[in-house]
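Survey of secondary and tertiary structure
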Amino acid sequence: YAVGMNAKKPFGSETPQSTCCGGTGSENHVKYQEAAYFVSDNTLWVALYMPSSALWREKDIRFTQDCSWPSEKSVIKVSGGRFAMKLRVPYWATEGFDIRLNGKSVAKHYQPSSYCEIAERSWSPDDVVEVIMPFTKHINWGPDKMDVAATGRNEARTPFAPEWVGAIMYDPLVMASPDIKEWKDAD
């Protein structure tokens, strides 16, 4: 996994940075629609916040999600039915995050990287679930210190002084610049 300055992830089986992700990883983006919602016997799981609509065939329940992407607010409506709803609390959702059912907060505290449950209830077409996710800045640190990194020339092991590597985020968005060519400029 190439994380060095100007590193690239080439296609193929050369090491250390090439993996099957060069081919199969690019397929993930068209599969987001399959990961937006999940259902179990009596629970609807909302995993992704994106403009969409779906049908829970076993219960003949339709639901829609109205938002833009990336979104700081999503509005979910259902056609009716009796079920619980679990809504994902993104890892970055900290300051000001709220889930409201018909205008009222459903919890006093939300745990990032978890789900918040609206208990099983009878839903009506007039019910509105709002997910409020104000964006804030943070650093998303890499998976480990960069003791060894690829240089972009497919050299197997290029030693660097140990340092933490992270991306400046505006919640789900990576803030990047094409103008950084050396680590000293990235600080």
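In short, a report on the structure. Because the structure is a prediction, the values reported are computed rather than measured. (Residues numbered from 1 in each chain as written. Predicted model: local features only at pLDDT ≥ 70, side-chain atom pairs only at ≥ 80, totals over all residues. Heavy atoms only, no water.)

**Description of the overall build of the protein**
Tallying secondary structure elements over the protein gives 2 helices and 15 strands in all. Counting the 187 residues in the protein, one finds 31% classified as buried. For the protein, long-range pairs separated by at least 24 residues make up 55% of all intrachain contacts whose partners lie at least 6 apart in sequence. As displayed, the protein has an accessible area near 11,900 Å², and 53% of this comes from carbon and sulfur atoms. (Helix = DSSP H or I, 4+ residues; strand = E, 2+ residues; numbered from the N terminus. Buried < 20%, exposed > 50% of the residue type's maximum accessible area, 1.4 Å probe, protein only. Contact = heavy atoms within 4.5 Å. Areas by Shrake-Rupley, 256 points an atom, 1.4 Å probe, with all protein chains shown as cover.)

**Brief notes about the packing of aromatic side chains**
Under the criterion given, the structure shown has 7 aromatic pairs. Taking the centre distance of 5.2 Å and the plane angle of 80° together, the rings of Trp-45 and Tyr-115 count as edge-to-face. On the criterion of sequence distance, the pair formed by Trp-45 in strand β2 (residues 43-46) and Tyr-115 in strand β9 (residues 114-123) is long-range, its members being 70 residues apart. Residue Trp-45 is classed as partly exposed on the basis of its relative accessible area, which comes to 25%. On the accessibility criterion, Tyr-115 (35% relative accessible area) is partly exposed. Consider the rings of Phe-83 and Trp-123, whose centres lie 5.4 Å apart with planes at 15°: the pair is stacked. Residue Phe-83 is found in strand β6 (residues 81-89), and its partner Trp-123 is found in strand β9; the two are separated by 40 residues along the sequence. This pair shows no difference in class: Phe-83 is buried, exactly as Trp-123 is. Here the aromatic cluster, defined as three or more aromatic residues joined through ring pairs, consists of Trp-56, Phe-83 and Trp-123. (Phe/Tyr/Trp six-rings, centres within 6.5 Å; stacked < 30°, edge-to-face > 60°.)

**Topic: the sheet that holds strand β10 (residues 129-132)**
Read from one edge to the other, the open sheet built from 6 strands follows the order β3-β4-β5-β10-β7-β8, with strand pairing classed as antiparallel. At either margin of the open sheet sits one strand with a lone partner, and together these are β3 (52-56) and β8 (104-105). (Pairing = 2+ DSSP bridges.)

**Here we look at the sheet that holds β9**
Within the open sheet, the 4 strands sit side by side as β1-β2-β6-β9. Their pairing is mixed. The outermost strands of the open sheet, each flanked by one partner alone, are β1 (37-40) and β9. Here the average twist between neighbouring strands, direction ignored, is 20°. With 4 bridges joining them, β2 and β6 adopt parallel strand pairing. Bridged to Val-46 within β6 is Leu-87. (Axes fitted to C-alpha atoms, helices over the stretch in contact; angles between N-to-C directions.)

**Re unusual backbone geometry**
With an omega of -5°, the peptide bond between Trp-69 and Pro-70 qualifies as cis. Along the chain, Pro-70 falls in the loop between β4 (61-66) and β5 (73-78). Of note, the phi angle at Ser-113 is positive, near 65°, even though the residue is not glycine. Relative to the assigned elements, Ser-113 resides in the loop between β8 and β9.

**A word on the environment of Phe-97**
For Phe-97, the location among the structural elements is in the loop between β6 and β7 (98-101). As a C-alpha pair, Phe-97 and Glu-72 span 25 residues in sequence and 9.2 Å in three-dimensional space.

**Digging into the nonpolar core**
With 28 residues, the main nonpolar core has Met-85, Leu-87, Val-129 and Val-131 as its most contacted residues. Broken down by secondary-structure element, the contributors of at least two residues to this core are β2, β4, β5, β6, β7, β9 and β10. Looking at this core element by element, the count peaks at 4 residues for β6. Contact partners of Leu-87, with chain neighbours within four places excluded, come to Val-46, Tyr-49, Ile-76, Ile-99, Ser-114, Tyr-115, Cys-116, Ile-118, Val-129 and Val-131. (Core = buried A, V, L, I, M, F, W, Y, C linked by side-chain atoms within 4.5 Å.)

**Structural notes on the pairing of β3**
Relative to β4, β3 runs antiparallel, the two sharing 5 bridges. Within β4, the position partnered with Trp-56 by the bridge is Ile-61. If you look at the hairpin formed by β3 and β4, you'll find 4 residues sitting between the two strands, and Asp-60 has a positive phi there, around 55°.

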